[in-house]
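Breakdown of the fold
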Amino acid sequence: ADRPDPSRLPDDPGVYIFRDERGRPLYVGKSVSLRTRARAHFCAPAGWTERAEIVDYRPTNSELGALVLENRLIKELRPPGNKRLKRTDGWVYLRARLDIPYPVLEVAPEPAPGHAVNIGPMRGKAAAAELADHLTSLFALRHCGRALPRRDHPSIYGQMGRCLSPCLGDLDPNAYRRRLDAALALFDGSGQAEERLLGEIDARMTAASEARRYEAAEALRRRHERIAGVLGRLEGVLRAVRREPRLVLARHPVKERWDAFWVAGGRVVDWGPLPGLDELVRRSAAVAANVKRSALPAKEDVDEIRIVEGWLAANEALEIPLDEVAGRLAELPLAA
């Protein structure tokens with residue numbers, strides 16, 4: 001059989017799909033130049049190239065559009081030629097179910113339903129569990145799981161001052177809830193969890209030193225170092241998903257064409273070629289009206305927001321908060 005002819009592909013960003021004679025997808029790729037990149041596959045053949053009979057494509061106006069579309073198509077089509085399929089099973093949530101007495105912090109692969117607080121998603125169960133343990137100890141929350149055992153004497157954590165010991169049966173639930181709220185307030189969506197938590201530890205360390213409780217101060221110093229490392233691994237994603245809703249415009253590499261992305265709630269809510277003024281305002285208003293700041297992105301959305309944030313960190317783009325779009329239309333490359 002003849003090879004597919006990539007020469008008919010446009011010299012634009014986009015995604016190409018190689019298919020076999022029955023139209024089944026073999027490989028999905030992206031490029032800033034569809035024609036050049038698709039042709040290159042046959043210079044270094046892979047296991048799927050000899051079966052390729054068809055190549056089709058979906059152009060975009062920007063490299064960012066190609067990245068987003070590629071990510072979505074790989075997940076949708078799962079072609080065998082893409083060995084590194086997008087995985088979502090490494091993401092977890094730090095959560096607190098508020099429908100139980102004296103709630104505990106726990107790590108789970110899914111958000112808790114119903115009356116609960118969920119933080120995430122976070123990449124890495126071990127790091128998230130370590131963060132939960134640090135928060136539980138710092139704010140003297142329960143370490144004993146959802147079931148609340150009754151004790152005549154404090155647990156080892158209670159004896160060390162790392163638990164308020166509701167298991168003794170004499171603790172005001174409101175006092176416990178204030179501690180839990182203080183721990184969860186560090187992740188209120190402002191993107192400053194790392195700064196706030198480390199600041200809390202520093203304040204306690206200073207107080208311990210001034211009181212000449214040097215062993216306690218040293219323990220807090222060590223905890224500061226460990227938590228800084230944990231949050232360094234987790235906070236990047238949390239910051240990305242908590243950023244304010246915004247319109248992002250990404251340009252074609254050489255032409256005066258643009259893609260528009262409406263990013264809110266840790267996900268790309270809408271995107272496509274930059275529309276005309278009326279449609280731009282309408283779509284911006286629709287996204288702004290429906291966004292829920294507290295809503296968590298699904299795990300399958302996290303790869304996408306990391307792609308967007310990574311591209312933005314390395315490239316220039318116009319970013320405008322959604323509530324400012326209508327007042328800043330003069331800055332946009334719209335047709336008259």
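Everything here concerns the structure above.
Residues numbered from 1 in each chain as written. Predicted model: local features only at pLDDT ≥ 70, side-chain atom pairs only at ≥ 80, totals over all residues. Heavy atoms only, no water.

Under the counting rule described, the total for this entry stands at 21 salt bridges. With a closest N to O distance of 2.8 Å, aspartate 270 and arginine 283 form a salt bridge. Separated by 13 residues along the polypeptide, aspartate 270 in strand β9 (residues 267–273) and arginine 283 in helix α8 (residues 277–290) bring together distant segments of the chain. We classify aspartate 270 as partly exposed; its relative accessible area is 22%. We classify arginine 283 as buried; its relative accessible area is 14%. Taken together, the salt bridges that share partners define one network made up of Glu218, Arg221, Arg222 and Glu225. (Salt bridge = Lys/Arg side-chain N within 4 Å of Asp/Glu carboxyl O. Helix = DSSP H or I, 4+ residues; strand = E, 2+ residues; numbered from the N terminus. Buried < 20%, exposed > 50% of the residue type's maximum accessible area, 1.4 Å probe, protein only.)

Turning next to the sheet that holds strand β6 (residues 116–123). Judged by pairing direction, the sheet is antiparallel, and its 3 strands sit side by side in the order β5-β4-β6 without closing on themselves. Only two strands of the sheet have a single partner each, and these edge strands are β5 (106–108) and β6. Strand-to-strand twist of the sheet, defined as the mean angle between neighbouring strand axes without regard to direction, takes the value 30°. Alignment of strand β4 (residues 91–97) against β5, held across 3 bridges, turns out to be antiparallel. The partner of tyrosine 93 across the bridge, within β5, is alanine 108. In the packing of helix α3 (residues 125–138) onto the sheet, the strands contacted are β4, β5 and β6, and the crossing angle to β4 comes to about 25°. (Pairing = 2+ DSSP bridges. Axes fitted to C-alpha atoms, helices over the stretch in contact; angles between N-to-C directions. Contact = heavy atoms within 4.5 Å.)

This next bit is on the pairing of β4. Counting buried positions along β4 yields 6 of 7 residues, so the element is predominantly enclosed. Two strands pair when backbone bridges link them, and β4 and β6 are joined in this way by 6 bridges, in the antiparallel orientation. Within the sheet, the bridge partner assigned to arginine 95 lies in β6 and is asparagine 118.

Moving on: the sheet that holds β9. As summarised here, the arrangement of the 4 strands in space is β9-β8-β7-β10, forming an open sheet in which the pairing is antiparallel. Unpaired on one side and paired on the other, β9 and β10 (318–321) mark the two borders of the sheet. For this sheet, the mean inter-axis angle between neighbouring strands, taken without regard to orientation, is 20°. Sheet topology note: the strand β8 (residues 258–264)/β9 ladder contains 6 bridges and is antiparallel. Directly across from valine 263, in β9, lies its bridge partner valine 268. Along the sheet, helix α2 (residues 63–77) contacts β7 (246–251), β8 and β9; its crossing angle with β9, the most-contacted strand, is approximately 120°.

Another aspect to go through is the layout of surface pockets. Each pocket or cavity is described by its volume, and for the largest pocket that value is around 420 Å³. In terms of lining residues, the largest pocket is bounded by 16 residues, among which Arg162, Arg204, Arg213, Ala216 and Leu220 are the most central. Top contributing element to the lining of the largest pocket by residue count: helix α7 (residues 214–242), with 7 residues. Of the residues assigned to the lining of the largest pocket, the class counts are 7 nonpolar, 2 polar and 7 charged. (1 Å grid on protein atoms, 1.4 Å probe; cavity = no way out; pocket = protein on both sides within 12 Å on 5 of 7 lines; lining within 4 Å. Points joined across faces, edges and corners; volume = space filled by probe spheres on them. Nonpolar A, V, L, I, M, F, W, Y, C, P; charged D, E, K, R; others polar.)

What the rule picks out here adds up to 4 aromatic pairs. Ring plane angle 90° and centroid distance 5.3 Å describe the contact between tyrosine 102 and tyrosine 176, whose orientation is recorded as edge-to-face. With tyrosine 102 in the loop between β4 and β5 and tyrosine 176 in helix α5 (residues 173–185), the pair connects residues that are 74 residues apart, well separated along the chain. Look at tyrosine 176 and you get buried, because its relative accessible area is 1%. When the ring of phenylalanine 261 is compared with that of tryptophan 271, the centres are 5.4 Å apart and the planes differ by 0°; the resulting orientation is stacked. With phenylalanine 261 in strand β8 and tryptophan 271 in strand β9, the pair connects residues that are 10 residues apart, well separated along the chain. In this structure phenylalanine 261 comes out as buried when scored by relative accessible area, which is 0%. Just above the ring of phenylalanine 139 sits the side chain of arginine 204; from NZ or CZ to the centre is 5.3 Å. (Phe/Tyr/Trp six-rings, centres within 6.5 Å; stacked < 30°, edge-to-face > 60°. Lys NZ or Arg CZ within 6 Å of the ring centre and 35° of its normal.)

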